[in-house]
Amino acid sequence: MKAALVGTDGTLLHEARRATGRKRGADAVVETILAFAADLRAHGEEHFGESAVAAGVAVPGIVDAEKGIAVYATNLGWRDVPLRALLGQRLGGIPVALGHDVRTGGLAEGRIGAGRGADRFLFVPLGTGIAGAIGIAGRIEAGAHGYAGEIGHIVVRPEGPDCGCGQRGCLETLASASAVSRAWAAASGDPGADAADCAKAVESGDPAAIAVWQDAVDALAAGLVTALTLLDPSTLIIGGGLAEAGETLFTPLRAAVEERVTFQKLPHIVPAALGDTAGCLGAGLLAWDLLSTEVSA
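Description of the structure in this document. Given the structure is predicted, the values throughout are model-derived calculations rather than measurements.

1. Section: helix α5 (residues 177-188)
Spanning 12 residues, α5 covers 16 Å between terminal C-alpha atoms, matching the ideal 16 Å at 1.5 Å per step. Within α5, the full set of buried residues consists of A177, A179, V180, S181, W184 and A185. Against the buried residues of α5 lie α4 (172-175), α6 (195-203) and α7 (207-231). Just downstream of α5, G189 is the residue with a positive phi angle, here 80°.

2. Let's talk about the sheet that holds strand β6 (residues 78-81)
Reading across from one edge, β4-β5-β6 is the order of the three strands in this open sheet, with antiparallel pairing throughout. In this open sheet, the two edge strands, each paired with only one partner strand, are β4 (62-64) and β6. If you compare each strand with its neighbour and ignore which way they point, the axes differ by 15° on average. Where strand β5 (residues 69-73) meets β6, three bridges bridge the pair, whose relative direction is antiparallel. Counterpart to A70 in the pairing with β6 is V81.

3. Quick look at helix α3 (residues 101-112)
Here α3 spans 17 Å end to end across 12 residues, near enough to the 16 Å set by a 1.5 Å rise per residue. Every buried residue of α3 is accounted for by V102, R103, T104, G105, G106, L107, A108, E109, G110 and I112.

4. Comments concerning the nonpolar core
Judged by nonpolar contacts, the single largest core of 45 residues is most densely connected at V124, I151, W213, L224, I238, L253 and V257. For this core, the elements supplying multiple residues, two or more each, are β8 (120-125), α4, α5, α6, α7, β11 (235-239) and α8 (247-260). Element by element, the count of residues in this core is highest for α7, at 12 residues. Beyond its immediate sequence surroundings of up to four residues, V257 is in contact with A221, L224, V225, L228, L266 and I269. In this structure, V29, A37, V59 and W78 belong to the second largest nonpolar core, which totals 20 residues.

5. Here we look at the pairing of β11
Among the five residues in β11, five count as buried, and that is most of the element. Here β11 shows no split at all, with T235, I237 and G239 on one side and L236 and I238 on the other all buried. Summarising the sheet, β8 and β11 pair through five bridges and their orientation is parallel. Along β11, the bridge assignment pairs F123 with I237. Where β11 lies against strand β12 (residues 268-271), four bridges are found, and the strand directions are parallel. In the strand pairing of β12, I237 is matched with V270.

6. Overview of the pattern of salt bridges
Where charged atoms from two side chains of opposite charge approach closely, those side chains can pair. Summed over all chains, the structure comprises 11 salt bridges. Sharing partners across several salt bridges, the network here consists of E15, R17 and D276.

7. Side note on unusual backbone geometry
Non-glycine residue D80 carries a positive phi angle of around 50°. Looking at the secondary structure, you find D80 in strand β6. Using a relative accessible area of 54% as the deciding quantity, one classes D80 as exposed.

Parameters at a glance
- Residues numbered from 1 in each chain as written.
- Predicted model: local features only at pLDDT ≥ 70, side-chain atom pairs only at ≥ 80, totals over all residues.
- Heavy atoms only, no water.
- Helix = DSSP H or I, 4+ residues; strand = E, 2+ residues; numbered from the N terminus.
- Expected span 1.5 Å × (residues − 1).
- Buried < 20%, exposed > 50% of the residue type's maximum accessible area, 1.4 Å probe, protein only.
- Contact = heavy atoms within 4.5 Å.
- Pairing = 2+ DSSP bridges.
- Axes fitted to C-alpha atoms, helices over the stretch in contact; angles between N-to-C directions.
- Core = buried A, V, L, I, M, F, W, Y, C linked by side-chain atoms within 4.5 Å.
- Salt bridge = Lys/Arg side-chain N within 4 Å of Asp/Glu carboxyl O.

Okay, here's the thing in structure tokens:
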């Protein structure tokens, strides 16, 4: 878990990390979060002379931000956790905002990161899976049911690998960091090889690695062109572990997207700027938004 104290302008004042401890069970994870938040608040009081005035928390899985409930998170074993209410109680009744981890990271990238100044953007982190955050005029579009931006489940190859969602050939089965790791482990014969190893092999000219990498890039470009056809963003922000390959990813990806567009306007395709602090910063922005909404109301 990553946590931070965030200033009114999005400045990162203090950052801390702590193990989730998910092996101890779902209830233990919730308690760890509550204790972490309380410790962070105490740090602010001690080092900055004042207490946090609001809190924001970003969690994976299905989130009902309006009701403040973490509906479902398979990797944490959560179902219907009233996280906003629990945090509010632990933090002395201050207002608490709850958000989805990818959309919250996208909020930060859009406002103070790689998408700063872009009225419409799409943030796509390439990690264990692939998700997306749709940015519109400084806000993130969650959709009618909270599922907007799930670009990882666009089917790009109907006869492709089975996906955990029940479909076949979803983008994340072909172009996530996990997918590249699996493909390179099989191609290289090294079960411990991962996507970073594949990128290094690409840079050294290994033809097998280049084939694996290009296959993932082609799948990613197909999914992104579908998304930009629907959303018409001015900026496309790519983050997550796979983006750490830098131009080894971005040069062929820009070319593959450009090759596929016809009438669509080509967006700026840029790397994410905030790294793994995006979620912390985004949670802080959610908290400040909550306060500004209360003031305006």
